[in-house]
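# Structural overview for review
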Amino acid sequence: MTYGDIAQRRLAGIATCSEGGAGVTRLPFTEEHLRALTEIRGWMEAAGLQVRLDAAGTLIGRLEGPPGSRTLLIGSHQDSVRSGGRYDGIMGIALGCLALEKLRTEGAAAPCSVEVLAFADEEGVRFPTALLGPRALAGTMDLSVLDLADGDGVTLRDALAGFGCDPAGLVALRRERSDLLGYLEAHIEQGPVLEGANAALGVVTGICGIERNTLRFTGETGHAGTVPMAARRDALVAAARFVIAVSEEAGWTANIRATVGTLTISPNAVNAIPDITVLPLEVRSVDDRARADFAARMRGLGEEIASAAGLSFEMTRTYVQDAVGCDADLSDRLAKAIAPVDRAPLRLPSGATHDASAMSDICPIAMLFVRCRAGLSHHPDEYASAADMGAAVDAIAAFLSTLDG
Ligand code: HGY
Ligand code: MN
Ligand code: MN
Ligand code: MN
């Protein structure tokens with residue numbers, strides 16, 4: 001049984017505990033999360049780690065290094081999107097544990113202290129916020145998010161307390177920058193680039209920035225049979241024009257990915273003219289300036305479309321996270337560690353955001369991408385091979401041995 005086979009078996013095992021419908025649904029501070037912690041605790045103990053749960057719901061496995069040595073953090077997120085795949089997030093936790101298990105089996109002492117971190121919530125699917133775990137460690141969290149509620153009205157504060165996590169302990173989680181060597185996240189690529197290059201592993205150069213806005217077109221409702229077409233102020237027609245224009249503009253603008261994704265219509269009846277539409281606009285880019293410019297252009301476009309149809313238009317930014325670069329020294333060490341399987345590993349940006357984005361506020365970060373079949377992710381058919389995961393375990397173990405505490 002190779003380490004890749006063990007990873008495959010462990011990820012299958014943990015997936016079954018949350019596969020209700022198609023794919024994996026494992027949201028933070030739920031029954032599925034609780035069951036997953038039992039599995040992950042087992043992975044950490046098999047690697048000889050001291051295991052504890054912190055006040056943000058992060059399960060932490062620690063290996064004490066030589067006295068006085070700093071700590072390398074390895075982590076990712078245990079949560080998934082709804083009907084997601086078996087690898088996004090959780091794979092990085094499994095591979096980190098297996099790399100330490102490999103070193104333990106080989107009797108190789110780690111040159112520094114190492115912690116594997118299983119963060120509770122990166123996707124932000126259950127609550128309208130995310131990254132509480134890494135932000136608590138980085139000292140950048142906003143405590144007001146504790147009062148945000150999920151679709152059932154459960155606040156993040158109550159969900160934490162119900163999980164045995166004391167929100168009062170969050171502030172004390174902040175780490176000392178001087179104690180940290182860095183943060184490494186191994187993650188399925190979630191895109192087709194490595195597969196296209198026939199590469200098992202890649203080194204991430206940077207993680208895209210992201211901003212989310214809420215837009216609202218307001219017109220006038222009326223009877224679908226009696227209001228002449230020329231007299232209508234139809235909010236759905238305006239929103240439709242906007243969505244098509246966003247897709248076209250993003251298509252010919254470098255470094256931009258823009259998505260609407262959902263649409264709320266009022267009064268949402270076939271025989272009444274829609275008077276209000278509310279839609280999100282998410283803009284991502286590795287270039288923060290390009291992202292801000294594009295969002296400003298989309299605001300102008302929305303205003304233009306609305307005024308041409310006699311509607312009003314509002315656009316409010318609800319979330320922003322700047323692009324982050326990966327640390328050159330850690331990334332070069334990672335590239336060297338991959339050399340046995342690829343002398344010149346691909347270096348590529350991440351179009352997905354990660355826990356590493358938040359960790360970059362407290363320490364240097366590096367990310368290792370693992371090939372993703374057909375680039376499918378946030379999808380039940382997401383897949384990484386045992387061979388590629390085995391190569392990743394070897395690379396993480398080799399990366400650790402390049403460090404000096
Ligand atoms: O949306 C993202 O990029 C991440 O998967 N949460
Ligand atoms: Mn994801
Ligand atoms: Mn992820
Ligand atoms: Mn992540």
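Residues numbered from 1 in each chain as written. Chains lettered and ligands numbered in written order. Predicted model: local features only at pLDDT ≥ 70, side-chain atom pairs only at ≥ 80, totals over all residues. Heavy atoms only, no water.

### Some remarks on the coordination of the manganese ion (ligand 3)
All of the protein donors around the manganese ion (ligand 3) are His77 (NE2), Asp88 (OD) and His187 (NE2); their distances to the metal are 2.1 to 2.3 Å. Counting residues between consecutive donors of the manganese ion (ligand 3) along the chain gives the motif H-x10-D-x98-H. If you look at the manganese ion (ligand 3) and the manganese ion (ligand 2), they sit 3.5 Å from each other and are both ligated by Asp88. Of the two residues, His77 is situated in strand S3 (residues 71–77) and Asp88 in the loop between S3 and helix H3 (90–105); the sequence distance between them amounts to 11 residues. A relative accessible area of 0% places His77 in the buried class. With a relative accessible area of 5%, Asp88 lands in the buried category. (Donors = N, O, S within 2.8 Å, 3.2 Å for Na, K, Ca; no water. Helix = DSSP H or I, 4+ residues; strand = E, 2+ residues; numbered from the N terminus. Buried < 20%, exposed > 50% of the residue type's maximum accessible area, 1.4 Å probe, protein only.)

### A few points about the UniProt feature "binding site: allantoate" (unreviewed entry) in the protein chain
UniProt feature "binding site: allantoate" (unreviewed entry): in the numbering of this structure it lies at Arg212, Asn271 and Arg284. Judged by maximum C-alpha separation, these annotated positions cover 73 residues in sequence and are scattered in space, the widest gap reaching 37.0 Å. Among residues more than four places away in sequence, those in contact with Asn271 are Gly222, His223 and Ala224. Along the polypeptide, Arg284 turns up in strand S10 (residues 276–285). Aside from chain neighbours lying at most four places away, what touches Arg284 is Cys208, Gly209, Ile210, Arg212, Asn255, Ile256, Arg257, Gly351, Ala352 and Thr353. (UniProt positions renumbered as here; feature names shortened; annotations may be inferred. Contact = heavy atoms within 4.5 Å.)

### Things to note about the site of ligand 1
Ligand 1 sits among Glu122, Glu123, Arg284, Ala352, Thr353 and His378. In the model, a nitrogen atom of ligand 1 is placed 3.1 Å from a nitrogen or oxygen of the Glu122 side chain. For ligand 1, the accessible surface in isolation is 210 Å², of which the surrounding protein chains cover 90%. (Near = heavy atom within 4 Å. Polar contact = N/O pair within 3.5 Å; in protein donor to acceptor, adjacent residues only side chain to side chain. Areas by Shrake-Rupley, 256 points an atom, 1.4 Å probe, with all protein chains shown as cover.)

### So, helix H9 (residues 328–338)
Where H9 is concerned, the buried positions are Leu330, Ser331, Arg333, Leu334, Ala335, Ala337 and Ile338. On the buried face of H9, the contacting elements are strand S5 (180–188), strand S6 (201–207), strand S13 (346–350), strand S14 (365–370) and helix H11 (386–402). The opening residue of H9 is Asp327, an N-cap whose side-chain oxygen sits 3.2 Å from the backbone nitrogen of Asp329.

### Remarks on unusual backbone geometry
In this chain, Ser266 is followed by Pro267 through a cis amide linkage whose omega measures 0°. Residue Phe29 is not a glycine yet carries a positive backbone phi of 60°. Structurally, the position occupied by Phe29 is in the loop between helix H1 (3–16) and helix H2 (31–46). The backbone of Asn268 sits at a positive phi, close to 60°, despite the residue not being glycine. For Asn268, the position within the fold is in the loop between strand S9 (264–266) and S10.

### Observations regarding the UniProt feature "binding site: Zn(2+) 1" (unreviewed entry) in the protein chain
UniProt marks His77, Asp88 and His187 with the feature "binding site: Zn(2+) 1" (unreviewed entry), using the numbering shown here. These annotated residues cover 111 residues of sequence, and their C-alpha atoms all fall within 9.7 Å of one another, placing them together at a single site. Excluding anything up to four places from it in sequence, His77 contacts Asp88, Gly89, Ile90, Ile93, Phe119, Glu122, Glu123, Glu185, His187 and Asp355. The residues touching Asp88, leaving out its near neighbours within four places in the chain, are His77, Asp79, Glu123, His187, Ile188, Gln190, Ser377, His378 and Glu382.

### A few points about the pattern of salt bridges
For the structure on display, the rule yields 20 salt bridges. Close ionic contact of Asp329 with Arg333 constitutes a salt bridge, the shortest N to O distance being 3.0 Å. Of the two residues, Asp329 and Arg333 both sit in helix H9, four residues apart, roughly one turn of that helix. One salt-bridge network, held together by shared partners, links Glu211, Asp288, Arg291, Arg317 and Asp322. (Salt bridge = Lys/Arg side-chain N within 4 Å of Asp/Glu carboxyl O.)

### Points about the packing of aromatic side chains
If you walk through the whole model with that rule in mind, you get six aromatic pairs. Measuring from ring centre to ring centre gives 6.1 Å for Tyr87 and Tyr383, while their planes differ by 80°; the resulting arrangement is edge-to-face. Linking Tyr87 in the loop between S3 and H3 with Tyr383 in the loop between S14 and H11, this pair joins segments that are 296 residues apart in sequence. Site record: aromatic cluster; members linked through ring pairs are Phe217, Phe242 and Phe313. (Phe/Tyr/Trp six-rings, centres within 6.5 Å; stacked < 30°, edge-to-face > 60°.)

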